[in-house]
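Chain by chain, the residues:
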There are 2 protein chains.
Amino acid sequence: MTEDEINQRHAEKMAKKKAARDKMLAEKTIEKGLLMVHTGKGKGKTTAAMGLAARVVGNGKKVCIVQFVKGVWNTGEREVLKHFPDLCVMKAMGEGFTWDTQDRARDIAAATAAWDFAKEAMADPSFDMVILDEMNIVLRYDYLDLAEVLNTLQARRDMLHVVITGRNAKEELIEIADLVTEMTQIKHPFRSGVKAQIGIEF
Amino acid sequence: MTEDEINQRHAEKMAKKKAARDKMLAEKTIEKGLLMVHTGKGKGKTTAAMGLAARVVGNGKKVCIVQFVKGVWNTGEREVLKHFPDLCVMKAMGEGFTWDTQDRARDIAAATAAWDFAKEAMADPSFDMVILDEMNIVLRYDYLDLAEVLNTLQARRDMLHVVITGRNAKEELIEIADLVTEMTQIKHPFRSGVKAQIGIEF
């Protein structure tokens, strides 16, 4: 095949792809707030939620971030989002968690306080998105009543987007979610002795 | 078991977990720039890269984002990052891509120009991170010479972090990367007819 023939075939293939894509998009007409879950053992669950927060804020909409586990949102992210005080509420509700506190009763109290705050944020019509960062972890340890959490999520305002992060998402949560992404770790530098570095791990 | 016994067992388990974690972290001593790849069909590849960019900028370090495919970085992200003109260079090098242009020769020219720009950024010692957004797509279509790309990535400055996004990452790239995350789509709202929405898809 000549270069021209390759280019011609490519153009035909791409024209078909575009037609299929346009048709697919035309069929999507429902607008609603999405329940999104980022789970899995790989990197990027909180980081992608942070990217969504930036996207919302950059669109002039308002986001509330509730941090269920201390120290997950790093200084870098905080520095960026605090340039938008009217559009981004960040609430760190976690105590040092589980392996740090080693105190289950305190963890439960912290998780409950974070969830109570989250419910207020979800009820506040000024927010377009609420991020429940690392909530999967407290659900996994049964620090919150799962049925009550699921009911509250399902009963939320129509146009409110909710993002829940953390490994080991409960099956029941995945069941009711609209968009679920699993971050799968294919390779991690810890394996080869590389330490956590500014801008990457924290 | 009483509540006190449950709490006691929990504390013991968490103490063990913390010890294992501390030991693991103490062994990680190498500092170096990482080659990171976000791939897979799920959401969050570019969004997590955007989160990393925010993290770098928030730490007062400098990032360069080279966009290989037009329209991936949305307005929201741009609005946020343009508050940090000294720390964030954003370069949209993509033409409308493949299914839009249906013009392979133009795609190759655009990919080559983007890669030339990327190489300059990687050589510029002021940058701490370079993000090659959606470069996996142009590699997949063989718009760039893979061997040359891999050689350049491996020959980069010691402390430079590079992030490459896009589905269908080449095996050879995964091979030389330090950290590879696959975003796997478990559930997507398009399936139920929900349309793309501001702050989520664009």
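Residues numbered from 1 in each chain as written. Chains lettered and ligands numbered in written order. Predicted model: local features only at pLDDT ≥ 70, side-chain atom pairs only at ≥ 80, totals over all residues. Heavy atoms only, no water.

Asker: Any chance you could break down the overall build of chain A for me, citing the residues and the numbers?
Answerer: Counting its regular elements, chain A contains 7 helices and 6 strands. Within chain A, the fraction of its 202 residues that count as buried is 51%. Across chain A, every contact between residues at least 6 apart in sequence was considered, and the portion connecting residues at least 24 apart equals 78%. Split by element, the accessible area of chain A, about 9000 Å² in all, is 49% carbon and sulfur. (Helix = DSSP H or I, 4+ residues; strand = E, 2+ residues; numbered from the N terminus. Buried < 20%, exposed > 50% of the residue type's maximum accessible area, 1.4 Å probe, protein only. Contact = heavy atoms within 4.5 Å. Areas by Shrake-Rupley, 256 points an atom, 1.4 Å probe, with all protein chains shown as cover.)

Asker: An account of the packing of aromatic side chains is needed here, citing residue identities and associated values.
Answerer: All names here are of chain A. Per the counting criterion, the structure on display carries 2 aromatic pairs over all chains. Ring centres 5.6 Å apart and planes at 25° place the aromatic pair Tyr-141 and Tyr-143 in the stacked group. Cation over ring: Lys-62 sits above Phe-127, and NZ or CZ is 4.8 Å from the ring centre. (Phe/Tyr/Trp six-rings, centres within 6.5 Å; stacked < 30°, edge-to-face > 60°. Lys NZ or Arg CZ within 6 Å of the ring centre and 35° of its normal.)

Asker: Give a description of the pattern of salt bridges that names residues and reports values.
Answerer: What the rule picks out here adds up to 16 salt bridges over all chains. The shortest N-O distance in the salt bridge between Asp-178 of chain B and Lys-32 of chain B comes to 2.9 Å. In this pair, Asp-178 of chain B sits in the loop between helix 7 (171-176) and strand 6 (179-187) while Lys-32 of chain B sits in the loop between helix 1 (3-26) and strand 1 (35-39), placing the two residues 146 residues apart along the sequence. Looking at Asp-178 of chain B, the relative accessible area reads 12%, which means it is buried. You can call Lys-32 of chain B partly exposed: its relative accessible area is 28%. Residues joined by salt bridges that share partners form a network here, namely Lys-32, Arg-156 and Asp-178 of chain A. (Salt bridge = Lys/Arg side-chain N within 4 Å of Asp/Glu carboxyl O.)

Asker: Any chance you could break down the environment of Val-163 of chain A for me, citing the residues and the numbers?
Answerer: All names here are of chain A. Along the chain, Val-163 falls in strand 5 (residues 161-165). The class of Val-163 is buried, set by a relative accessible area of 0%. Separated by 17 residues in the primary sequence, Val-163 and Val-180 have C-alpha atoms spaced 9.7 Å apart. Those residues in contact with Val-163, other than ones at most four positions away along the chain, are Met-36, His-38, Ala-49, Leu-52, Met-129, Val-130, Ile-131 and Leu-132.

Asker: Which residues make up unusual backbone geometry, and what are the values?
Answerer: If you check the backbone angles, Glu-134 of chain A has positive phi at about 70° while not being a glycine. Mapped onto the elements of the fold, Glu-134 of chain A is located in the loop between strand 4 (129-133) and helix 5 (135-140). On the accessibility criterion, Glu-134 of chain A (11% relative accessible area) is buried. With a phi close to 60°, Asp-142 of chain B is a non-glycine residue in the positive phi region. With respect to the helices, strands and loops of the structure, Asp-142 of chain B is situated in the loop between helix 5 (135-140) and helix 6 (146-154).

Asker: Tell me about the sheet that holds strand 5 of chain A, residues and numbers included.
Answerer: In space, the 12 strands of this open sheet follow the order 3(A)-2(A)-4(A)-5(A)-1(A)-6(A)-6(B)-1(B)-5(B)-4(B)-2(B)-3(B), with mixed pairing throughout. Sheet topology places strand 3 (88-92) of chain A together with strand 3 (88-92) of chain B at the edges, where each strand pairs with a single neighbour. On average, each strand axis in the sheet is tilted by 15° relative to the strand beside it, whichever way the strands run. Pairing of strand 2 (residues 63-67) of chain A with strand 3 of chain A involves 5 bridges; the strand directions are parallel. Within strand 3 of chain A, the position partnered with Val-66 of chain A by the bridge is Lys-91 of chain A. Against the sheet, helix 2 (residues 45-58) of chain B engages strand 1, strand 2 (63-67), strand 3, strand 4 (129-133), strand 5 (161-165) and strand 6 of chain B, with an angle of about 145° to strand 1 of chain B. (Pairing = 2+ DSSP bridges. Axes fitted to C-alpha atoms, helices over the stretch in contact; angles between N-to-C directions.)

Asker: Lay out the nonpolar core in plain terms, naming residues and giving numbers.
Answerer: In terms of nonpolar packing, the biggest core is built from 38 residues, with Val-63, Met-129 and Ile-131 of chain A together with Val-63, Met-129 and Ile-131 of chain B touching the most fellow members. For this core, the elements supplying multiple residues, two or more each, are helix 2 (45-58), strand 2, helix 3 (75-81) and strand 4 of chain A together with helix 2, strand 2, helix 3 (75-81) and strand 4 of chain B. Sequence-distant contacts of Val-63 of chain A, that is, excluding residues within four places in its chain, are made with Ala-53, Val-56, Val-57, Leu-87, Cys-88, Val-89, Phe-127, Met-129 and Ile-131 of chain A. In terms of nonpolar packing, the next biggest core, distinct from the first, is built from 37 residues, Val-130, Met-135, Leu-153 and Val-162 of chain B among them. (Core = buried A, V, L, I, M, F, W, Y, C linked by side-chain atoms within 4.5 Å.)

Asker: Tell me about the packing of helix 2 of chain A against helix 2 of chain B, and please be specific about residues and values.
Answerer: The N-to-C vectors of helix 2 of chain A and helix 2 of chain B enclose an angle of 80°; their axes lie 7 Å apart at closest approach. One finds that helix 2 of chain A runs roughly perpendicular with respect to helix 2 of chain B. Between helix 2 of chain A and helix 2 of chain B, the residues in contact are Thr-47, Ala-48, Met-50, Gly-51, Leu-52, Ala-54 and Arg-55 of chain A and Thr-47, Ala-48, Met-50, Gly-51, Leu-52, Ala-54 and Arg-55 of chain B, respectively. Looking at side-chain class alone, the contact of helix 2 of chain A with helix 2 of chain B contains 8 nonpolar, 4 polar and 2 charged residues. (Parallel < 35°, antiparallel > 145°, perpendicular 65-115°, else oblique. Nonpolar A, V, L, I, M, F, W, Y, C, P; charged D, E, K, R; others polar.)

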